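Letter by letter, the chains look like this.
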Amino acid sequence: MLEFNNWFFVLMVQFFVLMFILNAILFKPMMELFRQREQTIKGALEEAQAMNEKKEKAIAQMNADLAQAKAQAKSIINALREEGLSYQREVVANAEKEAVQMIEKARTEIKAETERIRAALRQEVERLSEEIVNKLIKV
């Protein structure tokens, strides 16, 4: 089976020398490369997590700003609505005043016209009565 002769020991020494050389030339650099790669991946993951947290904070800030802008817009709209209603009330009040003044003016004019027509009718009645009296006297 397995014989322990001189070649066996030579092969063992060659094997260990080869392992030592491969370890120095190949295995250590590859292990270092794997370690660097792991650290790079770990760093990238940490950076991605930090960026994700930063994104979440930015989204929260943007939502807060948006809510504040909506509230401000709502208050501006309400203020403008109140201003519009106030202006509308003012216009209606002025229109009512003008309507009342026009009605009073029309009433005054109608009253004056009525008085003028009554006076004219009185004069006409007096003239007609005198004419009738004169005709009756002549007959």
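The structure presented is a predicted model; accordingly, all values stated were derived computationally and were not measured.

### Digging into the overall build of the protein chain
Point 1. Along its length, the protein chain carries one helix and zero strands.
Point 2. Since a compact globule built from 139 residues should have a radius of gyration of about 14 Å, the 58 Å found for the protein chain marks it as more spread out than a globular shape.
Point 3. Across the 139 residues in the protein chain, those meeting the buried criterion constitute 0%.
Point 4. Just so you have it, the protein chain exposes about 13,300 Å², and 64% of that area is on carbon and sulfur atoms.
Point 5. Averaging the positions of the 21 positive and the 21 negative side-chain charges in the protein chain gives two centres separated by 2 Å.

### Considerations on the pattern of salt bridges
Point 1. Within the structure shown, the criterion is met by seven salt bridges.
Point 2. The residue Glu113 makes a salt bridge to Arg116 at a minimum N-O spacing of 2.1 Å. Placement of both Glu113 and Arg116 in helix H1 (residues 6-138) is noted, with a separation of three residues, approximately one turn of the helix.
Point 3. Residue Glu113 is classed as partly exposed on the basis of its relative accessible area, which comes to 35%.
Point 4. The residue Arg118 makes a salt bridge to Glu115 at a minimum N-O spacing of 3.7 Å. Of the two residues, Arg118 and Glu115 both sit in helix H1, three residues apart, roughly one turn of that helix.
Point 5. A relative accessible area of 44% places Arg118 in the partly exposed class.
Point 6. For Glu115, a relative accessible area of 41% corresponds to the partly exposed category.
Point 7. Salt bridges sharing partners connect three or more residues here, namely Glu124, Arg127 and Glu131.

### Examining the UniProt feature "transmembrane region" (unreviewed entry) in the protein chain
Point 1. Within this numbering scheme, the UniProt entry marks residues 6-27 as carrying the feature "transmembrane region" (unreviewed entry).
Point 2. For the annotated span residues 6-27, helix accounts for 100% and strand for 0% of the residues, and the straight-line distance between the end C-alpha atoms is 29 Å.

### Structural notes on H1
Point 1. Taking 1.5 Å per residue, 133 residues should reach 198 Å; H1 reaches 189 Å between its end C-alpha atoms and fits that length.
Point 2. If you look at H1, its biggest bend is around 50°, right at Asn23.

### Notes on the UniProt feature "coiled-coil region" (unreviewed entry) in the protein chain
Point 1. Per the UniProt entry, the sites bearing "coiled-coil region" (unreviewed entry) are residues 41-138 in this numbering.
Point 2. The distance from the first to the last C-alpha atom of residues 41-138 is 140 Å, and the span holds 100% helix and 0% strand.

### Points about the packing of aromatic side chains
Point 1. By the definition in use, this model includes two aromatic pairs.
Point 2. Judged by centre distance (5.5 Å) and plane angle (75°), the rings of Phe8 and Phe9 are edge-to-face.
Point 3. Taking the relative accessible area as the measure of exposure, Phe8 reaches 22% and is therefore partly exposed.
Point 4. By relative accessible area, which is 49% here, Phe9 ends up partly exposed.
Point 5. Note on Phe15 and Phe16: the rings are 5.6 Å apart at their centroids and 70° apart in plane angle, and the pair reads as edge-to-face.

Parameters and conventions
Residues numbered from 1 in each chain as written. Predicted model: local features only at pLDDT ≥ 70, side-chain atom pairs only at ≥ 80, totals over all residues. Heavy atoms only, no water. Helix = DSSP H or I, 4+ residues; strand = E, 2+ residues; numbered from the N terminus. Rg over C-alpha atoms; globule rule 2.2 N^0.38 Å. Buried < 20%, exposed > 50% of the residue type's maximum accessible area, 1.4 Å probe, protein only. Areas by Shrake-Rupley, 256 points an atom, 1.4 Å probe, with all protein chains shown as cover. Lys, Arg positive; Asp, Glu negative; His and termini not counted. Charge placed at Lys NZ, Arg CZ, Asp CG, Glu CD. Salt bridge = Lys/Arg side-chain N within 4 Å of Asp/Glu carboxyl O. UniProt positions renumbered as here; feature names shortened; annotations may be inferred. Expected span 1.5 Å × (residues − 1). Bend = angle between axes of the 7 residues up to and from the residue. Phe/Tyr/Trp six-rings, centres within 6.5 Å; stacked < 30°, edge-to-face > 60°.

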